[in-house]
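Analysis of the macromolecular model
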Amino acid sequence: LDTSNLTAFFTGDIDELFKEVKIEKHKKSKILLLLDSSGSMHCNEGLVDKQHKTDIVIAVGTRLSRILDEIHEVEGVNVDYDVRAFDTRYIKLPKENWGREYIQRNGGGTNCAFAVLSALDEILQDKTIDGNKMIILITDGQVDMQQIDIIKDAILKNCSDVKCLILGIGLLKLFEDICGGRNIISHELADGAILQAIEDMLES
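For clarity, every value in this text was computed on a predicted model and none was experimentally measured.

1. Details of the overall build of the chain
- If you tally the helices and strands in the chain, you get 8 helices and 6 strands.
- Reading the chain from its N terminus to its C terminus gives the helix and strand order α-β-α-α-β-β-α-α-β-α-β-α-β-α.
- Expressed as a percentage of its 204 residues, the buried residues of the chain come to 44%.
- Sequence-distant contacts in the chain: of pairs separated by 6 or more residues, those separated by 24 or more amount to 72%.
- For the chain, the exposed surface amounts to about 11,100 Å²; the carbon and sulfur share of it is 50%.

So, in structure tokens, the structure goes:
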């Protein structure tokens, strides 16, 4: 009922007495950034553009989070994100200073399969998400064949509910061949890979 136009009742213009109210609600989507913090990411071997892989992960993750914040603030798209790290453990990082917390990890083994399964379980259990559920795994993929198979099977099993994307930092070729992914082999090409990854995930 258009209370500002009640005179329409007395003039017989019934169609003008009511107004249509449209409520536009953006479904909440969420991206879980899953960052490899194992020993191979910290070591001096296998540098990318003469930089440690961890430095590039922080640069990539920072760009991703900044882009997501801008999408939310400027375009009103409801996309939230959280940051997780992993070595032999699955580690929840604070959103506000995740980069500082990430770089302080001491490295260690790489239980990437456990991390992917933990991330899938976490995001599937989040009942606040009514839009897209997405995981971006950033890793060098230095794990054994058994882990690679587990990761591939988990992604395929849950592909209808969760979109998973792999961004490799000097990604091990075997991992790339089996699981796919975009392999960042130079710092200056990282931006293009990031933007394309987000675009693909939000539009698919």
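Let us keep going from here.
2. Some details on a nonpolar patch on the surface
- Side chains of Met145, Leu172 and Leu174 sit close together on the surface and give an oily, nonpolar patch of about 230 Å² of accessible area.
- Position of Leu174 among the secondary structure elements: in helix H7 (residues 173–179).

3. Description of the nonpolar core
- Leu34, Ile135, Leu137, Ile151 and Phe175 are the most contacted members of the largest nonpolar core, which has 24 residues in total.
- Among the secondary structure elements, those contributing two or more residues to this core are strand S1 (29–36), helix H5 (112–125), strand S4 (133–139), helix H6 (145–157) and H7.
- No other element matches the 7 residues that H5 contributes to this core.
- Excluding its chain neighbours within four sequence positions, the residues that come into contact with Ile151 are Cys112, Ala113, Val116, Phe175 and Cys179.
- Ile31, Trp98, Leu165 and Leu167 belong to the second-largest nonpolar core, a separate cluster that totals 23 residues.

4. What about the environment of Tyr90?
- Note on placement: Tyr90 falls in strand S3 (residues 90–93).
- When its relative accessible area of 19% is taken as the criterion, Tyr90 is described as buried.
- Taking the C-alpha atoms as reference points, Tyr90 and Leu34, 56 residues apart in sequence, are found 9.2 Å from one another.
- When near neighbours in sequence (up to four residues on either side) are disregarded, Tyr90 contacts Leu32, Leu34, Arg84, Ala85, Phe114, Ala115, Ser118, Ala119 and Glu122.
- Within polar-contact distance, the side chain of Tyr90 engages the side chain of Glu122 at 2.6 Å.

5. A word on the pattern of salt bridges
- Counted according to the given criterion, the structure contains 8 salt bridges.
- One salt bridge in this structure joins Lys95 and Asp80, with 2.7 Å as the shortest N-O distance. Of this pair, Lys95 sits in the loop between S3 and helix H4 (98–103) while Asp80 sits in strand S2 (residues 79–86), and the two are 15 residues apart along the sequence.
- A salt bridge links Arg84 to Glu122; its shortest N-O distance comes to 2.6 Å. Highlighted residues: Arg84 in strand S2 and Glu122 in helix H5, separated in sequence by 38 residues.

Criteria and thresholds
- Numbering of residues starts from 1 in each chain and follows the order in which that chain's sequence is written.
- Local features in a predicted model are, by the rule used here, given only for residues with pLDDT of at least 70; side-chain atom pairs are given and counted only at 80 or more, and totals for whole chains, interfaces and linings are based on all residues.
- The side-chain numbers reported here are obtained from all heavy atoms of the structure, hydrogens and water having been left aside.
- Only runs of H or I of at least four residues qualify as helices and only runs of E of at least two qualify as strands under DSSP, and these elements are numbered from the N terminus.
- Any residue under 20% of the maximum accessible area for its type is buried, any over 50% is exposed, and the rest in between are partly exposed; the area is computed with a 1.4 Å probe on protein chains only.
- Contacts: residue pairs with any heavy atoms within 4.5 Å of one another.
- Here the open area of atoms and residues is found with the Shrake-Rupley method and a 1.4 Å probe, where only the protein chains shown may cover a residue.
- Patch members must show over 30% relative accessible area and no salt bridge, and they are joined within 9 Å when carrying like charges or within 5 Å when they are nonpolar side chains of Val, Leu, Ile, Met, Phe, Trp or Tyr.
- Here, a salt bridge means any side-chain nitrogen of Lys or Arg that lies within 4 Å of a carboxyl oxygen of Asp or Glu.
- Put simply, a nonpolar core is a bunch of buried Ala, Val, Leu, Ile, Met, Phe, Trp, Tyr and Cys residues held in one set by side-chain atoms that sit within 4.5 Å of each other.
- Under this definition, polar contacts are N or O atom pairs within 3.5 Å; protein pairs additionally need one hydrogen-donor-capable and one acceptor-capable atom, and for neighbouring residues in sequence, both atoms have to be side-chain atoms.

Coordinates in, geometry out; function isn't part of it.
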